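Chain residues, written in single-letter form:
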Amino acid sequence: MNLSTEELETQELKPETLGTAIQSIRTNGYVLFEGVLPDEQVSDLHSSFIDVLDKYTAENKPNRGPNRYQMHLPFREPFNDPLVITNPFVIPLIDKLLGEDCVCHYFASDTPFLGSEHQKVHSDITQLFPESEVALPAYSIVLNIPLVEFREDNGALEIWPGGTHLSPPGVNLEEMAGKMHSELALMPAGSLLVRDMRMWHRGTPNRSEAPRPNMAFIYSRHWLRTKYPPIHIPKKIYEGLPEKGRQLFRFENIQGD
């Protein structure tokens, strides 16, 4: 979706845009707001990210397949900017889908380099009640923010829209994925991809010379517990967050500097 000039200027979704976005996530598994973050902010995020990434890759081996790195981010500027963690276009969706007492419990990234391969098609979360054939409402949402343009040659995310987020029981995911429609999430840097965490997807090979950084945040209903490590947040930084930010990260590892 392309937001209107008025929405970008006021930093607020029109009711009809909000309604369409929510229905898109509920029925199709995702919504994409193209090129929303200011270019200057994206540039700052990218340069800071590469600094952190260079240090991480120097000390760690690929951990999501060949030449692909999952990396947790430090909870500091510019990564914890309000336009990133409490984005005014994303939070209304999150609150509507997960409840206003939801939380954010994942502050990380995914970056394929030249030489990376196709990942297996997967869902990022298991069914709450695998014995049931009832499709449940969303209980966990992923926000992806690309820090470079996602192109066919640099490892864009491949997604399977149209119902895979409803996690039908007894489906052979890998077999069915090869027979179903998929598409590459091609988008400008600074876009906002909001998707149901259950949606089928996979990383694709990066055939370019540059890494393809993608920030990832997970928002969930407050009662959901996962195996992700707690996000370390210095107390002074936590106390300086806007009220919504403090609410979202209230269950994380908040302690001294």
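Just above, that's the structure.
So, here's what we can say about the structure. (Residues numbered from 1 in each chain as written. Predicted model: local features only at pLDDT ≥ 70, side-chain atom pairs only at ≥ 80, totals over all residues. Heavy atoms only, no water.)

### What about the overall build of the protein?
When helices and strands are tallied, the protein shows eight helices and eleven strands. Here the protein has a C-alpha radius of gyration of 18 Å; the compact-globule value for 257 residues is 18 Å, and the two agree. For the protein, the C-alpha atoms occupy an extent of roughly 50 × 40 × 40 Å along the three principal directions. Per-residue burial over the protein gives 48% buried out of 257 residues. Considering only intrachain contacts with a sequence separation of at least 6, the fraction spanning at least 24 residues in the protein is 82%. Carbon and sulfur atoms provide 51% of the accessible area of the protein, an area that totals close to 12400 Å². (Helix = DSSP H or I, 4+ residues; strand = E, 2+ residues; numbered from the N terminus. Rg over C-alpha atoms; globule rule 2.2 N^0.38 Å. Buried < 20%, exposed > 50% of the residue type's maximum accessible area, 1.4 Å probe, protein only. Contact = heavy atoms within 4.5 Å. Areas by Shrake-Rupley, 256 points an atom, 1.4 Å probe, with all protein chains shown as cover.)

### What to know about the packing of helix H2 (residues 15-28) against helix H5 (residues 91-98)
Two numbers describe how H2 lies on H5: the axes approach to 10 Å, and their chain directions differ by 55 degrees. Comparing the axis directions of H2 and H5 gives the class oblique. In terms of crossing hand, the pair formed by H2 and H5 is right-handed. Side by side, H2 and H5 meet where Leu18, Ala21, Ile22, Ile25 and Arg26 of the first sit next to Pro92, Leu93, Lys96 and Leu97 of the second. Residue classes in the contact of H2 with H5 are distributed as seven nonpolar, no polar and two charged. (Axes fitted to C-alpha atoms, helices over the stretch in contact; angles between N-to-C directions. Parallel < 35°, antiparallel > 145°, perpendicular 65-115°, else oblique. Left-handed = near helix turned anticlockwise from the far one by under 90°. Nonpolar A, V, L, I, M, F, W, Y, C, P; charged D, E, K, R; others polar.)

### Structural notes on the environment of Ser109
With respect to the element layout, Ser109 can be found in strand E3 (residues 103-112). Residue classification places Ser109 among the buried residues on the basis of a relative accessible area of 2%. For the pair Ser109 and Leu53, spaced 56 residues apart in the sequence, the C-alpha separation amounts to 9.7 Å. Residues contacting Ser109, with those up to four places away along its chain left out, are Phe49, Tyr69, Gln70, Met71, Leu73, Asn214, Met215 and Ala216.

### Quick look at the environment of Leu224
When you line up the elements, Leu224 lands in the loop between strand E9 (214-220) and strand E10 (232-234). In this structure the C-alpha to C-alpha distance between Leu224 and Val103, which are 121 residues apart in sequence, comes to 9.0 Å. Apart from the residues lying within four places of it in its own chain, the contact partners of Leu224 are Ile125, Leu128, Tyr139 and Ser140.

### Digging into unusual backbone geometry
In this chain, Glu77 is followed by Pro78 through a cis amide linkage whose omega measures 0 degrees. At Gln11, a residue that is not glycine, the phi angle is positive and equals roughly 60 degrees. With respect to the helices and strands, Gln11 occurs in the loop between helix H1 (5-10) and H2. Its identity is not glycine, yet Asn67 carries a phi of approximately 55 degrees, on the positive side. Position of Asn67 relative to the elements: it lies in the loop between helix H3 (39-59) and strand E2 (68-72).

### As for the environment of Val52
On the secondary structure map, Val52 appears in helix H3. Relative accessible area serves as the criterion here: at 15%, Val52 is assigned to the buried category. Leaving out residues up to four positions away in the same chain, Val52 has contacts with Met71, Pro74, Arg76 and Phe79.

### Topic: a nonpolar patch on the surface
A cluster of nonpolar side chains, Leu128, Phe129 and Trp223, forms an exposed patch at the surface whose accessible area comes to about 300 Å². Structurally, Phe129 can be placed in the loop between E3 and strand E4 (140-146). Residue classification places Phe129 among the partly exposed residues on the basis of a relative accessible area of 47%. (Patch = residues over 30% accessible without salt bridge, like charges linked within 9 Å, V, L, I, M, F, W, Y side chains within 5 Å. Salt bridge = Lys/Arg side-chain N within 4 Å of Asp/Glu carboxyl O.)

### Here's the deal with the packing of aromatic side chains
Applying the stated rule across the entire model yields seven aromatic pairs. With a centroid separation of 6.2 Å and 85 degrees between ring planes, the pair formed by Tyr56 and Tyr69 is classed as edge-to-face. Of the two residues, Tyr56 is situated in helix H3 and Tyr69 in strand E2; the sequence distance between them amounts to 13 residues. You can call Tyr56 partly exposed: its relative accessible area is 22%. Ring plane angle 50 degrees and centroid distance 4.6 Å describe the contact between Tyr106 and Tyr228, whose orientation is recorded as tilted. Separated by 122 residues along the polypeptide, Tyr106 in strand E3 and Tyr228 in the loop between E9 and E10 bring together distant segments of the chain. (Phe/Tyr/Trp six-rings, centres within 6.5 Å; stacked < 30°, edge-to-face > 60°.)

### Observations concerning the side chain of Asn144
With respect to the helices and strands, Asn144 occurs in strand E4. Taking the relative accessible area as the measure of exposure, Asn144 reaches 3% and is therefore buried. Here the side chain of Asn144 touches Arg195 through a polar contact of 2.9 Å, side chain to side chain. (Polar contact = N/O pair within 3.5 Å; in protein donor to acceptor, adjacent residues only side chain to side chain.)

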